[in-house]
Amino acid sequence: AQTVTQSQPEMSVQEAETVTLSCTYDTSESDYYLFWYKQPPSRQMILVIRQEAYKQQNATENRFSVNFQKAAKSFSLKISDSQLGDAAMYFCAYRVTGGAGGTSYGKLTFGQGTILTVHP
Amino acid sequence: EPEVTQTPSHQVTQMGQEVILRCVPISNHLYFYWYRQILGQKVEFLVSFYNNEISEKSEIFDDQFSVERPDGSNFTLKIRSTKLEDSAMYFCASAKEFVWISPLHFGNGTRLTVT
């Protein structure tokens, strides 16, 4: 079974600085997707960034980037120039790819979450 | 941008009562999901639904739970006889036709409180 582990229950960062959130996962699959979701106090789940396992290049979305280490099964999220609006719970998530005729239907497996506090 | 909408935002019910949580997925999506999040804990998969049938379900999704797509737009989660431990945030999500490359879009959730 796939598992996702976020070992940092809480992190904090000063506004405008950089913070890295850690995530590790365990899988026997070779083809999968990894995601970071943000959950602000409103509780909505917002997709921040995603990474396809077959791609060696790390994904980047504006101030958000990932460090994907497939062999180490590590998928960390770096937030640059942190803003007050970045304060939220961040979830790392895994999804195996099914492909045409596959049995996977896109189920996400989430980590425990990391609460990020941004100090002005 | 199209959104997944969930109603109600907050539902309070008494233990043993039936409750139906409603979701309107994005219109051109074909894969539908329910997840739940007990306060302060991780988000857990409940069930996925495709082609008018359950495609996968978790151990949490026992006989007390059921899902339905009664028409072309709604996707519902029914809990037949609620327990205190069913109190949680319930999220509906949907994905496009090619689910293996499409991200899941989540609704804002329904907070279920069982008293």
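Read on for a plain summary of the structure. (Residues numbered from 1 in each chain as written. Chains lettered and ligands numbered in written order. Predicted model: local features only at pLDDT ≥ 70, side-chain atom pairs only at ≥ 80, totals over all residues. Heavy atoms only, no water.)

### Overview of the layout of surface pockets
What counts, and what does not: A 1.4 Å probe that fits but cannot get out identifies a cavity on a 1 Å grid over protein atoms alone, an open set with protein on both sides within 12 Å along at least five of seven lines counts as a pocket, and a residue lines either if it has an atom within 4 Å of a point. Grid points are joined across faces, edges and corners, and a volume is the space filled by probe spheres set on the points. Helical segments are the DSSP runs of H or I of at least four residues, strand segments are the runs of E of at least two, and each set is numbered from the N terminus. All residues other than Ala, Val, Leu, Ile, Met, Phe, Trp, Tyr, Cys, Pro, Asp, Glu, Lys and Arg, Gly among them, are scored as polar; the first ten of these are nonpolar and the last four charged.
Each pocket or cavity is described by its volume, and for the largest pocket that value is around 350 Å³. The wall of the largest pocket is formed by 20 residues, among which Gln-44 and Met-45 of chain A together with Glu-3, His-105 and Phe-106 of chain B lie closest to the centre. Sorting the residues of the lining of the largest pocket by element identifies strand E6 (46-52) of chain A together with strand E1 (5-7) and strand E10 (105-106) of chain B as the ones contributing at least two each. Within the lining of the largest pocket, the residues separate by chemical class into 10 nonpolar, 8 polar and 2 charged.

### Digging into the pairing of strand E8 (residues 64-69) of chain A
The side chains of a regular strand alternate between the sheet's two faces. All names here are of chain A. Put simply, the test is: In this description, strands pair whenever DSSP reports at least two bridges between them.
As paired elements, strand E7 (residues 60-61) and E8 share 2 bridges and run antiparallel to each other. Across the sheet, the residue bridging to Thr-60 is Ser-65, located in E8. Between E7 and the antiparallel strand that follows it, E8, lie 2 residues; Asn-62 among them carries a positive phi value of about 55°. Here 6 bridges tie E8 to strand E9 (residues 74-79), and the two strands are oriented antiparallel to one another.

### Side note on the packing of aromatic side chains
As a reminder, the rule being used: Classification of ring pairs uses Phe, Tyr and Trp, with its six-membered ring standing for Trp, and accepts pairs whose centres are within 6.5 Å; under 30 degrees between planes counts as stacked, over 60 as edge-to-face, and the remaining range as tilted. Relative accessibility thresholds used throughout: buried, under 20% of the residue-type maximum; exposed, over 50%; partly exposed, between the two (1.4 Å probe, protein chains only).
Counted according to the given criterion, the structure contains 21 aromatic pairs over all chains. Centroid distance Tyr-32 of chain A to Tyr-94 of chain A: 5.3 Å. Interplanar angle 35°. Geometry classified as tilted. With a gap of 62 residues between them, Tyr-32 of chain A in strand E5 (residues 32-39) and Tyr-94 of chain A in strand E10 (residues 88-96) connect regions that are remote in the sequence. Each member of the pair, Tyr-32 of chain A as well as Tyr-94 of chain A, carries the same accessibility label: buried. With a centroid separation of 5.8 Å and 90° between ring planes, the pair formed by Phe-110 of chain A and Tyr-35 of chain B is classed as edge-to-face. A residue pair is termed interchain when its members come from two chains, as with Phe-110 of chain A in strand E11 (residues 109-110) and Tyr-35 of chain B in strand E4 (residues 31-37). What makes Tyr-35 of chain B buried here is its relative accessible area of 0%. Taken together, the ring pairs connect Tyr-33, Phe-35, Tyr-37, Phe-91 and Phe-110 of chain A together with Tyr-33, Tyr-35, Phe-45, Phe-91 and Phe-106 of chain B into an aromatic cluster.

### Here's the deal with the nonpolar core
All names here are of chain A. Quick reminder of the rule: Side-chain atoms within 4.5 Å link the members of a nonpolar core, which is a set of buried Ala, Val, Leu, Ile, Met, Phe, Trp, Tyr and Cys residues. Contacts are assigned to residue pairs that have any heavy atoms within 4.5 Å of one another.
Tyr-25, Trp-36, Phe-75, Leu-77 and Tyr-90 are the most contacted members of the largest nonpolar core, which totals 26 residues. For this core, the elements supplying multiple residues, two or more each, are strand E3 (19-21), E5, E6, E8, E9, E10 and strand E12 (114-119). Take this core: its biggest share by element is 5 residues, from E10. When sequence neighbours within four positions are dropped, the list of residues in contact with Phe-75 reads Leu-21, Ser-22, Cys-23, Tyr-25, Leu-34, Phe-35, Trp-36, Gln-51, Val-66, Asn-67, Phe-68 and Cys-92.

### Remarks on the pairing of strand E9 (residues 88-95) of chain B
Residue and element names in this part refer to chain B. Across the 8 residues of E9, 8 count as buried, placing the element largely inside the fold. The two faces of E9 match: Ala-88, Tyr-90, Cys-92 and Ser-94 on one face and Met-89, Phe-91, Ala-93 and Ala-95 on the other face are all buried. Pairing analysis gives 7 bridges linking E4 to E9, with the strands arranged antiparallel. Across the sheet, Tyr-35 pairs through a bridge with Phe-91, a residue of E9. Here E9 pairs with strand E11 (residues 110-114) via 3 bridges, running antiparallel. Within the sheet, the bridge partner assigned to Tyr-90 lies in E11 and is Thr-110. As defined by bridge partners, E9 adjoins E10 across 2 bridges and the pair is classed as antiparallel. Within the sheet, the bridge partner assigned to Ser-94 lies in E10 and is His-105.

### With respect to the sheet that holds strand E3 (residues 19-24) of chain B
Residue and element names in this part refer to chain B. The following threshold applies: With axes taken as lines fitted to C-alpha atoms, and helix axes fitted only over the stretch in contact, angles between N-to-C directions fall between 0 and 180 degrees.
The strand order across the open sheet formed by 4 strands is E1-E3-E8-E7, and the pairing between neighbours is antiparallel. The strands lining the two open edges of the sheet, one partner per strand, are E1 and strand E7 (65-68). Pairs of neighbouring strands in the sheet enclose a mean axial angle of 20°, with direction left out of account. The pairing of E1 with E3 spans 3 bridges and is classified as antiparallel. Its bridge partner being in E3, Gln-6 is matched across the sheet by Cys-23.

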